[in-house]
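Secondary and tertiary structure notes
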Amino acid sequence: AWQTDEIRRERPTPLDEARGGLVRFEQVLWDAVPAWLRQLDRALLHHTNHGLPLHAVPIRFGSWMGGDRDGNPRVKPETTEKACWMARWMAADLYSREITHLRDDLSLNRCSEELRVEVGAAWEPYRALLRQVEVRLHHTRTVAEAWINGDPVPDGETYTDPLDLAAPLLLCDRSLRACGDGTMADGRLRDTLRRIACFGLTLGSLDVRQESTRHTEVVDAITRYLGLGSYAGGSDAEKVGFLVRE
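Residues numbered from 1 in each chain as written. Predicted model: local features only at pLDDT ≥ 70, side-chain atom pairs only at ≥ 80, totals over all residues. Heavy atoms only, no water.

**Section: the overall build of the protein**
We apply this condition: Only DSSP runs of H or I reaching four residues or more are called helices, and only runs of E reaching two or more are called strands; each is numbered from the N terminus. Restricting the calculation to C-alpha atoms gives the radius of gyration, and the globule rule supplies 2.2 Å times the number of residues raised to the power 0.38. Burial classes follow relative accessibility: with a 1.4 Å probe on protein chains only, a residue under 20% of its type's maximum area counts as buried, one over 50% as exposed, and anything between as partly exposed. Whether two residues are in contact is decided by their heavy atoms: any pair within 4.5 Å suffices. Per-residue and other accessible areas follow the Shrake-Rupley method at a 1.4 Å probe size, with only the shown protein chains counted as cover for residues. For this count, His and the chain ends are skipped, Lys and Arg are scored as positive, and Asp and Glu as negative. Where a charge lies is defined by one atom per residue type: Lys uses NZ, Arg uses CZ, Asp uses CG and Glu uses CD.
Looking only at helices and strands, the protein has 8 helices and 2 strands in total. Taken from the N to the C terminus, the helices and strands of the protein come in the order α-β-α-α-α-α-α-β-α-α. For 246 residues, the compact-globule estimate of 2.2 N^0.38 gives 18 Å, and the C-alpha radius of gyration of the protein, at 23 Å, exceeds that figure by more than 25%. With the C-alpha coordinates aligned to their principal axes, the bounding extent of the protein is approximately 70 × 50 × 45 Å. The buried share among the 246 residues of the protein stands at 38%. When contacts within the protein are restricted to residue pairs at least 6 apart in sequence, long-range pairs at least 24 apart make up 66% of them. About 15,000 Å² of surface is accessible on the protein, with carbon and sulfur atoms providing 53% of the total. Computing the positive centroid from 32 side-chain charges and the negative centroid from 38, the protein places the two 2 Å apart.

What follows is the structure, given as structure tokens:
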């Protein structure tokens, strides 16, 4: 019915699988999460008179794609490292798009004194501040791309903490509300802050799963080296007891 082959002719790699997962963030979750949080915010306001705080995170995401070593010998440490950098690249790219839209929206030239101190005499203070964010996100994306491709990593300031990315946006939020422009603050800016709280700089956590005998071999090597005997030779109860004590 879809005029498409029912099976793949080439086996997908673990990184192909990871890319497919990131596409779900880009095409579905990126817009669905803030829309759902808006509904939740309205419901809380209606029933409790208190909205959902910007830092609240009632939902988070995780994945195993690129970190699942359990039964997949093709998932190497390099695979997991690339999957992590791919997620960071995608996050930086998605945030860059949002900041570009915000700069288009926030052409206002009136701002709070707090924001004025940050940007000086810029005629469009919000755009001046967000331009700095845009440049740093672009470099974050460039660094991630270099790691993925094995290229030399350029110098420059990147985002490694979601709080650093949220700080200038929160400054914009405070300034808009102080100047009576709360409606602007409650639009795309609020959605972007909620995305930062939910997705961070990596979109989600990555499980690193390993087949249980590998864990046993590692701990056994450690206990033998330390002269504590064979961990692998113990019963399940003895293994649990040892791990709990340690």
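**Here we look at helix α6 (residues 182–199)**
Heads up, the condition is: Here the expected span of a helix is defined as 1.5 Å times the quantity of residues minus one. One axis is fitted to the seven residues ending at the residue and one to the seven starting there. The bend at that residue is the angle between these axes.
The first and last C-alpha atoms of α6 sit 24 Å apart over 18 residues, in line with the 26 Å expected at 1.5 Å per residue. The principal kink in α6, of about 45°, is found at L189. Downstream of α6 by one or two residues, G200 has phi in the positive range, about 60°.

**Re the packing of aromatic side chains**
Convention followed: Two rings from Phe, Tyr or Trp (for Trp, the six-membered ring) form a pair when their centres are within 6.5 Å of each other. A pair whose planes differ by under 30 degrees is stacked, one over 60 is edge-to-face, and the rest are tilted. Charge-over-ring contacts are defined here by two conditions on Lys NZ or Arg CZ: a distance within 6 Å of the ring centre and an angle within 35 degrees of the ring normal.
For the structure on display, the rule yields 7 aromatic pairs. Taken together, a centroid distance of 5.3 Å and an interplanar angle of 25° make the contact between W30 and F199 stacked. In this pair, W30 is assigned in helix α1 (residues 14–48) and F199 in helix α6, connecting sequence segments 169 residues apart. For the pair formed by W30 and F199, the shared burial category is buried. Site record: aromatic cluster; members linked through ring pairs are F25, W30, F61, Y95 and F199. When the ring centre of Y159 is taken as reference, the NZ or CZ atom of R136 above it lies at 4.1 Å. Above the plane of the ring of Y231 lies K239, whose end atom (NZ or CZ) is 5.8 Å from the centre.

**Brief notes about the side chain of R69**
Looking at the secondary structure, you find R69 in the loop between β1 (62–63) and α2 (77–105). When near neighbours in sequence (up to four residues on either side) are disregarded, R69 contacts V75, K76, P77, T80, V208, R209 and Q210.

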